Amino acid sequence: MKSILLIGVGNFGMMIAKQIHELGHQVMAIDKNEERINEVLPYVTNALIGDSTNANFLASIGINNFDVCIETIGNDFQNSLETTSLLKELGGKKVVSRANREVQAKFLLRNGADEVVNPEKEIAIWTAIRYTAKHILDYVKLDDSHAIFEVKLPKDWIGKSVRELDLRQKFGINIMAIKENGDMNLNFSPDEIIREGQTFLVLGEHKAIQKCFHI
């Protein structure tokens, strides 16, 4: 179980709080807006109304006691930058900050952020890939070249074995799992016969996936 400090509980922060709660970790939420704090209470261990740009306020919380500090202020970059800087100065072990633009990400990384997330950019990339590709159902970026994709299987693959497809040799693609009716099979045999309704989770370069699935 990890201890998380979450600063900013707008829409993005609220979704993070809910997910962390479901994962079973402890969360302390901070926001200047009392209404937002009241809304997030069911999903956090503790919550405080306060100004995250106030050094004395943050110091009183004991920043170094948290495993991760997540700053999600999206409507005031100056406050976001000041908060990020203070979190690191006060002993934040890992500071993750939100950016809405690339230039913001650069400033945040220079001023204390260990990592930066850009939710709008990530969703835009996911949406573009998901809805312009015939076979892709889901997508997780690993780096600029590689990703994990959940893919529909071409009809001419049905009835063939994993060994016959030989995706690793032909395309440099690794089949990580076979998914069917919501169940994930990670220990499939090379002689597994492909059935209608199954999908693959595959790992590979974007270009290799495009070539393999003609997307």
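**Topic: the overall build of the protein chain**
Then comes step 1: Looking only at helices and strands, the protein chain has nine helices and eleven strands in total.
Then comes step 2: Principal-axis analysis of the C-alpha atoms places the extent of the protein chain at approximately 65 × 35 × 25 Å.
Then comes step 3: Expressed as a percentage of its 215 residues, the buried residues of the protein chain come to 40%.
Then comes step 4: Within the protein chain, residue pairs in contact and separated by at least 24 positions form 53% of the contacts whose partners lie at least 6 positions apart.
Then comes step 5: Taken as a whole, the protein chain presents about 12300 Å² of accessible surface, with 49% of it coming from carbon and sulfur.
Then comes step 6: Taken as two groups, the 25 positive and 29 negative side-chain charges of the protein chain have centres that lie 6 Å from each other.

**A word on the sheet that holds strand β11 (residues 199-205)**
Then comes step 1: Spatially, the five strands line up as an open sheet ordered β7-β8-β11-β9-β10, and their pairing is antiparallel. For this open sheet the edge positions go to β7 (136-141) and β10 (183-185), each flanked by a neighbour on one side alone. If you compare each strand with its neighbour and ignore which way they point, the axes differ by 25° on average.
Then comes step 2: As defined by bridge partners, strand β8 (residues 146-152) adjoins β11 across seven bridges and the pair is classed as antiparallel. For Phe149, the partnering residue across the bridge sits in β11 and is Val202.
Then comes step 3: Packing of helix α6 (residues 119-132) onto the sheet brings it into contact with β7 and β8, and relative to β7 it is tilted by some 150°.

**A short note on the side chain of Ser52**
Then comes step 1: Locating Ser52 in the fold gives a position in the loop between β3 (46-49) and α3 (55-61).
Then comes step 2: Take Ser52: its relative accessible area is 7%, and that puts it in the buried class.
Then comes step 3: For Ser52, the residues in contact, after removing those within four places along its chain, are Ile7, Leu58, Ile73, Thr83 and Leu86.

**Focus: the pattern of salt bridges**
Then comes step 1: Under the criterion given, the structure shown has nine salt bridges.
Then comes step 2: Arg36 is the salt-bridge partner of Asp31, the closest N and O atoms lying 3.7 Å from each other.
Then comes step 3: With relative accessibility at 33%, the residue Arg36 sits in the partly exposed group.
Then comes step 4: Here Glu120 and Arg98 are joined by a salt bridge, their closest N and O atoms 2.8 Å apart. Of the two residues, Glu120 is situated in helix α6 and Arg98 in strand β5 (residues 95-98); the sequence distance between them amounts to 22 residues.
Then comes step 5: Taking relative accessible area as the criterion, Glu120 reaches 41% and is therefore assigned partly exposed.
Then comes step 6: Residues joined by salt bridges that share partners form a network here, namely Glu180, Glu192 and Arg195.

**A word on unusual backbone geometry**
Across residues other than glycine, the phi torsion is negative in most instances, and most of the peptide bonds are trans.
Then comes step 1: Residue Asp166 is not a glycine yet carries a positive backbone phi of 50°.
Then comes step 2: Examined against the element boundaries, Asp166 turns out to sit in the loop between α7 (162-165) and α8 (167-171).
Then comes step 3: Asp166 sits in the partly exposed class, given a relative accessible area of 32%.
Then comes step 4: Even without being glycine, Asn181 reaches a positive phi, approximately 55°.
Then comes step 5: Positionally, Asn181 belongs in the loop between β9 (174-180) and β10.

**A closer look at the sheet that holds strand β4 (residues 68-71)**
To summarise the sheet geometry, strands pair through backbone hydrogen bonds and adopt either a parallel or an antiparallel arrangement.
Then comes step 1: The strand order across the open sheet formed by six strands is β3-β2-β1-β4-β5-β6, and the pairing between neighbours is parallel. The sheet terminates laterally at β3 and β6 (115-117), the two strands that pair on one side only. Averaged over all pairs of adjacent strands, the angle between strand axes in this sheet comes to 15°, irrespective of strand direction.
Then comes step 2: Bridging between strand β2 (residues 26-31) and β3 involves four bridges; their strand directions are parallel. Paired with Ala29 across the two strands is Ala47, which belongs to β3.

**Quick notes on the side chain of Glu150**
Then comes step 1: Among the structural elements, Glu150 can be located in strand β8.
Then comes step 2: Look at Glu150 and you get buried, because its relative accessible area is 13%.
Then comes step 3: Apart from residues no more than four positions distant in its own chain, Glu150 is found in contact with His135, Ile136, Leu137, Asp138, Lys179, Thr199, Phe200 and Leu201.

Conventions and cut-offs
- Residues numbered from 1 in each chain as written.
- Predicted model: local features only at pLDDT ≥ 70, side-chain atom pairs only at ≥ 80, totals over all residues.
- Heavy atoms only, no water.
- Helix = DSSP H or I, 4+ residues; strand = E, 2+ residues; numbered from the N terminus.
- Buried < 20%, exposed > 50% of the residue type's maximum accessible area, 1.4 Å probe, protein only.
- Contact = heavy atoms within 4.5 Å.
- Areas by Shrake-Rupley, 256 points an atom, 1.4 Å probe, with all protein chains shown as cover.
- Lys, Arg positive; Asp, Glu negative; His and termini not counted.
- Charge placed at Lys NZ, Arg CZ, Asp CG, Glu CD.
- Pairing = 2+ DSSP bridges.
- Axes fitted to C-alpha atoms, helices over the stretch in contact; angles between N-to-C directions.
- Salt bridge = Lys/Arg side-chain N within 4 Å of Asp/Glu carboxyl O.

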